[in-house]
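# Fold and contact review
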Amino acid sequence: MASKPVRRVVPTSNDVARESGVSQSTVSYVMSGKRSISTKTRRRVEEAMERLDFQPNSRARALASQRTQVLGIVVPFRPELDMAVIMQFVGAIATAARKIDYDVLLVTDDEGPEGLRRLQGTAMCDAIILMDVATEDPRLPVARKMGIPVVLIGIPDDHTGHTCVDLDFEAAGRLALEELAELGHRQVGLVTPSAENPQRDANFIRRFRRGISGVAQDRGVEIITATACADYRSATNAVRQIFSESPGITAIVIHNSHVVEPVVAALDREGHRIGREVAVIAVCSDTVAERQTVKLTSIPLEPERVSNLAVQLAMQLLEQPGELATPRIHLIEPRLVRRHSTFTARCPQ
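Residues numbered from 1 in each chain as written. Predicted model: local features only at pLDDT ≥ 70, side-chain atom pairs only at ≥ 80, totals over all residues. Heavy atoms only, no water.

### Quick word on the overall build of the protein chain
When you go through the protein chain residue by residue, the secondary structure sums to 13 helices and eleven strands. Counting all 349 residues of the protein chain, 49% fall into the buried class. Contacts in the protein chain between residues far apart in sequence, at least 24 positions, make up 72% of those at least 6 positions apart. Per element, the accessible surface of the protein chain, about 18,000 Å² overall, is 49% carbon and sulfur. (Helix = DSSP H or I, 4+ residues; strand = E, 2+ residues; numbered from the N terminus. Buried < 20%, exposed > 50% of the residue type's maximum accessible area, 1.4 Å probe, protein only. Contact = heavy atoms within 4.5 Å. Areas by Shrake-Rupley, 256 points an atom, 1.4 Å probe, with all protein chains shown as cover.)

This is the structure we're talking about:
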């Protein structure tokens, strides 16, 4: 006769209290962080948890604190977006949330303001991270009135009352053009996203162009601008437009991760050899930059740094809503990763 499997006895907080020689309430305070506990006592409780393989019940803690232990992420899904990049941000947010014992709830933004109202009405999460914020975003009036913290990834024109996180795209524009100017390039093509709907136009496009323009004026660099969508015909048209206006151009900046590969392919088809005849700097993920035939010098979008800060700010707003400074813009400093697609201009014009 087969023996019955022995069921593992799951330890409780009372077991931890007995093991560590403290009260059960002290164990609860160590887990919740609601009261100051001495370092010595905290260490004793944590060591007892480890010995007993005690896993705090997040649902029980949530009930005790009247929190859901869930972080809402409003995720964009539109054809013109690079969903691989979007999911990098989502993954980074989820990882940061799990480190503080939070789950994430994904909500698509196709419902617009109604989606936010639904989240608020059902009390499904403690805080919200709102992605893909437009210049004029209809969700923001609702976000301002929600009874839970909302952190924006992106910066609207009117950011009054909002906490925003984003890469410093103006500094990124300066960084890209300073690099090319130092290498002796005096005519630079700029491929930017095509804003089909002005209301959906995120102002990172304008911030990047502002950074580019400032350096161009200071360093005497001519900028030829073209827009492109994420298809090969549009990318080819953008490349042809740039070289038609300036046949001797020696450098291209691509400010749209979604069109990097079409533009690279268009440059190749049109006979412009990257890294030899035309220098390229792209604002894109490391993955996209490194999988090209010629690895691209790039300015990464920093999904981990942006997402970690967004989660951190959401938790700060949740824990200390009355103690934080006025909501403001938090910018992540960009960095340049040099690869094989840039070179010193042979004959500066």
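Next, the rest of the story.
### Here's the deal with the sheet that holds strand 4 (residues 150-153)
Overall, parallel pairing links the six strands, which are arranged 2-1-3-4-5-11 in an open sheet. Each edge of the open sheet carries a strand with a single partner, namely strand 2 (103-108) and strand 11 (329-332). Strand-to-strand, the axes of this sheet are offset by a mean angle of 20°, without reference to chain direction. Direction of pairing for strand 1 (residues 70-75) relative to strand 2: parallel, over a ladder of six bridges. The residue bridging Val-75 from the neighbouring strand is Thr-108, located in strand 2. Sheet contacts for helix 5 (residues 83-99): strand 1, strand 2, strand 3 (127-130) and strand 4; angle to strand 1, the most-contacted strand, approximately 175°. Here helix 13 (residues 303-319) sits on the sheet in contact with strand 1, strand 3, strand 4, strand 5 (163-167) and strand 11, set at roughly 170° to strand 5. (Pairing = 2+ DSSP bridges. Axes fitted to C-alpha atoms, helices over the stretch in contact; angles between N-to-C directions.)

### Re the pairing of strand 5
The buried fraction of strand 5 is high, at five of five residues. Of the two faces of strand 5, both are covered, the one formed by Thr-163, Val-165 and Leu-167 as well as the one formed by Cys-164 and Asp-166. The sheet contact formed by strand 5 and strand 11 spans four bridges and is parallel. Bridge pairing links Leu-167 to Ile-332 in strand 11.

### Regarding unusual backbone geometry
With phi around 60°, Gln-69 is a residue other than glycine that occupies positive phi space. Residue placement: Gln-69 occurs in the loop between helix 4 (58-65) and strand 1.

### Brief notes about the side chain of Thr-342
Summarising the element assignment, Thr-342 is placed in the segment after strand 11. For Thr-342, the side chain forms a polar contact with the side chain of Thr-297, separated by 2.9 Å. When neighbours within four sequence positions are excluded, Thr-342 is seen to be in contact with Leu-180, Leu-183, Ala-279, Val-280, Ile-281 and Thr-297. (Polar contact = N/O pair within 3.5 Å; in protein donor to acceptor, adjacent residues only side chain to side chain.)

### Describing the packing of aromatic side chains
Enumeration according to the criterion identifies one aromatic pair in this entry. With a centroid separation of 5.0 Å and 35° between ring planes, the pair formed by Phe-169 and Phe-204 is classed as tilted. A residue pair is termed long-range when its members are at least 10 positions apart, and Phe-169 in helix 8 (residues 169-182) and Phe-204 in helix 9 (residues 204-219) qualify at 35 residues. Classification of Phe-169 as buried rests on a relative accessible area of 7%. (Phe/Tyr/Trp six-rings, centres within 6.5 Å; stacked < 30°, edge-to-face > 60°.)

### Some remarks on the pattern of salt bridges
This model, assessed by the stated rule, comprises 20 salt bridges. Ionic pairing is found between Arg-207 and Asp-166, a salt bridge with its closest N-O pair at 2.6 Å. Pair noted here: Arg-207 is in helix 9 and Asp-166 is in strand 5, with a separation of 41 residues, a long-range link. Close ionic contact of Arg-210 with Glu-170 constitutes a salt bridge, the shortest N to O distance being 3.1 Å. Of the two residues, Arg-210 sits in helix 9 while Glu-170 sits in helix 8, which places them 40 residues apart along the sequence. Relative accessible area serves as the criterion here: at 46%, Arg-210 is assigned to the partly exposed category. (Salt bridge = Lys/Arg side-chain N within 4 Å of Asp/Glu carboxyl O.)

### Digging into the sheet that holds strand 10 (residues 297-299)
Spatial ordering of the open sheet is given by 7-6-8-9-10, a layout of five strands whose pairing is parallel. With partners counted over all chains shown, the strands left at the sheet margins are strand 7 (222-228) and strand 10, one partner each. Strand after strand, the sheet turns through a mean of 20° between neighbouring axes, direction not considered. Bridge count between strand 6 (residues 187-193) and strand 8 (residues 251-254): four bridges; the pairing is parallel. Across the sheet, Leu-190 pairs through a bridge with Val-253, a residue of strand 8. Against the sheet, helix 10 (residues 232-245) makes contact with strand 6, strand 7 and strand 8, and its axis sits at roughly 160° relative to strand 7, the strand it touches most.

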